[in-house]
Amino acid sequence: MNLNKTDLQKEVYYKTSRSGGKGGQNVNKVSTKVELLFDVNASQHFTDEEKLLLNDKLQTRFNKDGLVQVICDEERSQYLNKEIAMERLIVLITHALHKPKVRRPSKVSRAAKLARLGDKKQQAAKKAGRKRNFDD
């Protein structure tokens, strides 16, 4: 599935608040911390099967209202924090929707079996040749 940033942007809600850390007076005045909220169940980009998969895989990311929550307060700019939070959401969703390939066990080939048995016989003959016979 190819996620489009602009399509997801329409279904995302943002909350902003004042951030801690470096920034001096800017930190005390400007709300740069961004909390991105995304409702998986109300989204129109995913099928019912994909929604179930997202609900299962992203359980730890849900807040008490049932929304996926991504928080970013790394940058001093609210715009940059929004961009970073959106990228993180896209990464979360793509990883959650990824289905690993089913592993099909392979058989040992006939030639490999014969080679192994041949090596065993050769090793047994070598050991038998070293054996002393004390009965003589």
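Higher on the page you've got the structure.
Positions within a chain are numbered from 1, following the residues in the order the chain's sequence is written. Reporting in this predicted model follows two pLDDT cut-offs: at least 70 for local features of residues, and 80 or more for side-chain atom pairs to be given and counted; totals over whole chains, interfaces and linings ignore these cut-offs and use all residues. Side-chain numbers here rest on the full set of heavy atoms in the structure, without hydrogens or water.

A. Examining the sheet that holds strand E1 (residues 12–17) more closely. An order of E1-E2-E3 is seen for the three strands of this open sheet, with the pairing classed as antiparallel. Unpaired on one side and paired on the other, E1 and strand E3 (68–72) mark the two borders of the sheet. Shown here is a sheet whose adjacent strand axes are inclined to one another by a mean of 20 degrees, direction ignored. A strand pair is defined by DSSP finding two or more bridges across the two strands. Helix and strand definitions here come from DSSP, where helices need a minimum of 4 consecutive H or I residues and strands a minimum of 2 consecutive E residues; each element is numbered from the N-terminal end. The pairing of E1 with strand E2 (residues 33–38) spans six bridges and is antiparallel. Residue pairing for E2: Lys 15 is matched across the bridge by Glu 35. The contact criterion used is simple: two residues touch if any of their non-hydrogen atoms lie within 4.5 Å. Where helices are involved, their axes are fitted lines through C-alpha atoms of the stretch in contact, as for all axes, and angles between N-to-C directions lie from 0 to 180°. Contacts from helix H4 (residues 78–97) reach E1, E2 and E3 within the one sheet, and its direction differs from that of E3 by about 140 degrees.

B. Fine view of H4. One less than the residue count of a helix, multiplied by 1.5 Å, gives the span that helix is expected to have. The terminal C-alpha atoms of H4 lie 29 Å apart, and with 20 residues this matches the ideal 28 Å at 1.5 Å per residue to within 8%. Throughout, exposure labels follow a simple rule: accessible area from a 1.4 Å probe, protein chains only, divided by the maximum for the residue type, with under 20% read as buried, over 50% as exposed, and the rest as partly exposed. Buried within H4 we find Asn 81, Ile 84, Ala 85, Met 86, Leu 89, Ile 90, Leu 92, Ile 93, Ala 96 and Leu 97. Summarising the contacts, the buried residues of H4 are in contact with helix H1 (5–9), E1, E2, helix H3 (48–57) and E3. By the criterion applied in these results, polar contacts are pairs of N or O atoms within 3.5 Å in which, for protein atoms, one can donate a hydrogen and the other can accept it, and in which residues neighboring in sequence qualify only through two side-chain atoms. Of the residues that open H4, the one with a side-chain oxygen 3.3 Å from the backbone nitrogen of Tyr 79 is Ser 77.

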